[in-house]
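Notes for the structure review
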Amino acid sequence: KNEVEQSPQNLTAQEGEFITINCSYSVGISALHWLQQHPGGGIVSLFMLSSGKKKHGRLIATINIQEKHSSLHITASHPRDSAVYICAAYSNTGNQFYFGTGTSLTVIP
Amino acid sequence: DAGVIQSPRHEVTEMGQEVTLRCKPISGHNSLFWYRQTMMRGLELLIYFNNNVPIDDSGMPEDRFSAKMPNASFSTLKIQPSEPRDSAVYFCASSLGPSRVYNEQFFGPGTRLTVL
């Protein structure tokens, strides 16, 4: 059983489309992180959320603590957004990170 | 700023050999993390240091793995003896601030380890 589930696993979109990646978790958490892993392997931290919503450029992340769900949205998608997006939930009981398996996004020009 | 520096970037070794991975965190950051990423298990947090002290090593897979941080600018992850199942990409990350939860982490480029 995975404590963190992401959907979809793979996503292909046309440039300009609005994209949503979902993350559901089964444990109580203190915070949730969204990471972006580029095709070359490098990892960048996008957001840390403990409640509500955060926005950075074309990226928006939301979290609903009661529903144990977070979403990452990309507006006006671009080929450079092609990457694997990983959510990581920090459990407030076990004091550990649970990682999703990632969503592989490909944006076609 | 140079970012988090890891060396080597690639390592190929034979089963049974000792492997040492190195990490230099961003200057001024006082938390350091070692992660492992495999196709089967995804990303896993191995160990977390704050102010050079190991705070949580519950993710370290077994006694063959050890990590040290002798000073604020250097950390090592050692595997002795290495096994083929240790083949993975190992990432080091650092953050400013003591919280592993609430502080943004900056990742190094990773070391791709292959154990034959």
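It should be noted that the structure appears before, not after, this text.
Residues numbered from 1 in each chain as written. Chains lettered and ligands numbered in written order. Predicted model: local features only at pLDDT ≥ 70, side-chain atom pairs only at ≥ 80, totals over all residues. Heavy atoms only, no water.

Side note on the overall build of chain B
- Along the backbone of chain B there are 0 helices and 11 strands.
- In summary, chain B has a C-alpha radius of gyration of 13 Å against a globular reference of 13 Å for 116 residues, a match within 12%.
- The contacts in chain B between residues at least 6 apart in sequence include a share of 56% that link residues at least 24 apart.
- Measuring between centres, the 11 positive side-chain charges of chain B sit 2 Å from its 12 negative side-chain charges. (Helix = DSSP H or I, 4+ residues; strand = E, 2+ residues; numbered from the N terminus. Rg over C-alpha atoms; globule rule 2.2 N^0.38 Å. Contact = heavy atoms within 4.5 Å. Lys, Arg positive; Asp, Glu negative; His and termini not counted. Charge placed at Lys NZ, Arg CZ, Asp CG, Glu CD.)

Looking at the interface of chain B and chain A
- If you look at the interface, chain B gives 14 residues, while chain A gives 15 residues.
- Of all residues in chain B, the largest losses of buried area upon contact with chain A belong to B:Leu43, B:Val101 and B:Tyr102, amounting jointly to 40% of the total for that side.
- The interface formed by chain B and chain A includes 0 salt bridges.
- Going through the elements one at a time, strand E4 (31-38), strand E5 (42-50) and strand E10 (105-107) of chain B are the ones with two or more residues in the side of chain B that touches chain A.
- The dominant element in the side of chain B that touches chain A, judged by the number of residues it contributes, is E5(B), at 3 residues.
- Each residue belonging to the side of chain B that touches chain A can be placed in one class, and the counts come to 7 nonpolar, 3 polar and 4 charged. (Buried area = accessible area lost by both parts, 1.4 Å probe. Salt bridge = Lys/Arg side-chain N within 4 Å of Asp/Glu carboxyl O. Nonpolar A, V, L, I, M, F, W, Y, C, P; charged D, E, K, R; others polar.)

Looking at the sheet that holds strand E1 (residues 5-7) of chain B
All names here are of chain B.
- The strand order across the open sheet formed by 4 strands is E1-E3-E8-E7, and the pairing between neighbours is antiparallel. A strand with exactly one partner marks an edge of an open sheet, and here the two such strands are E1 and strand E7 (65-71). Between one strand axis and the next, the sheet turns by 15° as a mean value, whatever way the strands run. (Pairing = 2+ DSSP bridges. Axes fitted to C-alpha atoms, helices over the stretch in contact; angles between N-to-C directions.)

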